[in-house]
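# Analysis of the macromolecular model
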Amino acid sequence: MRQAITHIIFLLCVSGSFFAQSKINQFLKPSDSLNKSRGNTVLISEVSLATTALIGLDQLWYADYPRSKFKTLDDSGEWLQMDKLGHVFSSYQLGRLGANTLNWAGVSKKNQIIYGSILGLGFLTAVEVMDGFSEEWGFSWTDMAANTLGSGLFVGQELLWQEQRILLKYSFHQTRFAKQRPDKLGNGLSEEFLKDYNGQTYWLSANINSFLKTDYIPNWLNLAVGYGADGMLTGEPNDPLFINQNRTRQYYLSLDIDLSRIKTKSHFLKTIFDVLNVIKVPFPAVELNSKGRLKMHYFYY
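## A word on the overall build of the protein
What the protein contains, in helices and strands, is 10 helices and 8 strands. Among the 301 residues that make up the protein, the fraction classed as buried is 40%. Sequence-distant contacts, at least 24 apart, represent 68% of the contacts inside the protein between residues at least 6 apart. For the protein, the computed accessible surface area is about 17,800 Å², with 64% contributed by carbon and sulfur atoms. Charge-centre separation for the protein: the mean point of 30 positive side chains lies 9 Å from the mean point of 27 negative side chains.

Here you go:
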């Protein structure tokens with residue numbers, strides 16, 4: 001009797017799951033034409049999230065430091081440019097996210113590109129202006145150049161190919177340096193993921209088949225080149241408090257998977273794949289560093 005009841009409960013759960021997934025799939029399916037209700041939802045959500053984020057930054061981050069007159073600074077030589085790649089990555093991904101949500105609302109391709117790129121570049125420009133009025137930091141023209149480059153990478157591919165053949169991705173591994181400066185490089189995985197530049201790698205992941213047009217290579221297989229850095233305890237290489245830094249640039253060659261090119265009829269899975277597609281899939285990798293040393297990683301992330 002218990003077994004029969006278990007089977008009935010299982011069948012009810014499965015049928016309920018399929019029903020729920022069906023509703024989710026219908027909700028996540030992009031509109032074929034402009035859906036004003038969805039468009040208003042996207043607009044209100046994006047403006048609200050951006051405003052909330054900027055207010056949160058002002059209260060939780062900038063409030064701890066004195067305000068100043070607007071000033072600029074040149075930080076182009078810091079962190080072996082890893083922080084600049086972070087700006088490129090953020091601007092690219094915000095533009096891509098903005099365009100995808102507008103696609104869900106049935107907005108035209110042209111407007112997806114325009115307003116999607118404005119989302120990323122506009123938000124990061126606002127953050128940069130806030131830096132300019134903080135005594136601790138300053139408005140960085142090289143940060144702005146990196147933000148523009150990230151948006152340009154997204155927009156340029158859409159105009160040239162009407163698709164993203166070359167993705168900008170991110171990977172991370174913990175390093176020993178964070179324990180030496182947890183206040184600067186993060187304390188624990190959740191902080192180190194964002195702060196420890198030694199463990200970050202940024203990748204240009206190019207879809208092979210979109211260029212070669214061959215039937216012999218899986219449509220989802222990518223070739224990826226990456227850049228990382230190691231040995232950094234401070235932004236500046238000649239910091240008098242940390243004179244023995246062994247700062248090294250690292251260049252990688254690896255394979256990757258473009259999750260957005262995996263065929264599925266499920267819009268739920270497509271959405272999950274799209275979100276996860278910002279992360280470089282771990283694969284074997286070859287590393288060449290700025291000291292001329294070659295190293296093989298059997299599983300790099």
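## As for the nonpolar core
Among the nonpolar cores identified, the biggest contains 25 residues, and Met82, Phe89, Leu185 and Met232 are the most heavily contacted of them. At the level of elements, helix H3 (82-104), helix H5 (141-161), strand E3 (166-172), helix H6 (177-180) and strand E5 (221-230) are the ones that each hand at least two residues to this core. Here this core gets 5 residues from one element, more than from any other, and that element is H3. If near-sequence neighbours (up to four positions away) are discounted, Met82 is found in contact with Tyr197, Gln200, Tyr202, Tyr227, Gly228, Ala229 and Met232.

## Some thoughts on the packing of aromatic side chains
Summed over all chains, the structure comprises 19 aromatic pairs. Look at Trp79 and Tyr197: their rings are 5.0 Å apart centre to centre, the planes differ by 50 degrees, and that puts the pair in the tilted class. Here Trp79, found in the loop between strand E1 (72-73) and H3, pairs with Tyr197, found in the loop between helix H8 (189-195) and strand E4 (200-207); they are 118 residues apart in sequence, far enough to count as distant. The same class applies to Trp79 as to Tyr197, namely buried. Measuring from ring centre to ring centre gives 5.8 Å for Trp203 and Tyr252, while their planes differ by 40 degrees; the resulting arrangement is tilted.

## Observations concerning the sheet that holds E4
One open sheet holds the 6 strands; their spatial order is E3-E4-E5-E6-E7-E8, and the pairing between them is antiparallel. Two strands close off the open sheet at either side, each with one partner strand: E3 and strand E8 (294-300). Each strand axis lies, on average, 25 degrees off the axis of its neighbour in the sheet, ignoring direction. Two elements, strand E7 (residues 283-289) and E8, share 5 bridges in a ladder whose sense is antiparallel. Paired with Val286 across the two strands is Met296, which belongs to E8. Across the sheet, H3 lies against E3, E4 and E5, angled at about 125 degrees from E3, the strand it touches most.

## Overview of the pairing of strand E6 (residues 248-257)
Relative to E6, E5 runs antiparallel, the two being bridged by 10 bridges. Paired with Tyr227 across the strands is Tyr251, a residue of E6. Sheet topology note: the E6/E7 ladder contains 5 bridges and is antiparallel. Counted as the bridge partner of Leu253 is Val286 from E7.

## Quick word on the environment of Asn40
As for its position among the elements, Asn40 is in helix H2 (residues 36-60). Using a relative accessible area of 46% as the deciding quantity, one classes Asn40 as partly exposed.

## Here we look at the packing of H3 against H5
The interhelical angle for the contact between H3 and H5, taken along N-to-C directions, is 40 degrees, at an axis separation of 7 Å. By the angle between their directions, the pair H3 and H5 is classed as oblique. At the point where H3 passes H5, the crossing takes the right-handed sense. Residues Lys84, His87, Val88, Ser91, Tyr92, Gly95, Arg96 and Ala99 of H3 form the contact with H5, whose participating residues are Thr142, Asp143, Ala146, Asn147, Leu149, Gly150, Ser151, Leu153, Phe154 and Gln157. A per-class count over the contact of H3 with H5 returns 7 nonpolar, 8 polar and 3 charged.

About the criteria used
- Residues numbered from 1 in each chain as written.
- Predicted model: local features only at pLDDT ≥ 70, side-chain atom pairs only at ≥ 80, totals over all residues.
- Heavy atoms only, no water.
- Helix = DSSP H or I, 4+ residues; strand = E, 2+ residues; numbered from the N terminus.
- Buried < 20%, exposed > 50% of the residue type's maximum accessible area, 1.4 Å probe, protein only.
- Contact = heavy atoms within 4.5 Å.
- Areas by Shrake-Rupley, 256 points an atom, 1.4 Å probe, with all protein chains shown as cover.
- Lys, Arg positive; Asp, Glu negative; His and termini not counted.
- Charge placed at Lys NZ, Arg CZ, Asp CG, Glu CD.
- Core = buried A, V, L, I, M, F, W, Y, C linked by side-chain atoms within 4.5 Å.
- Phe/Tyr/Trp six-rings, centres within 6.5 Å; stacked < 30°, edge-to-face > 60°.
- Pairing = 2+ DSSP bridges.
- Axes fitted to C-alpha atoms, helices over the stretch in contact; angles between N-to-C directions.
- Parallel < 35°, antiparallel > 145°, perpendicular 65-115°, else oblique.
- Left-handed = near helix turned anticlockwise from the far one by under 90°.
- Nonpolar A, V, L, I, M, F, W, Y, C, P; charged D, E, K, R; others polar.

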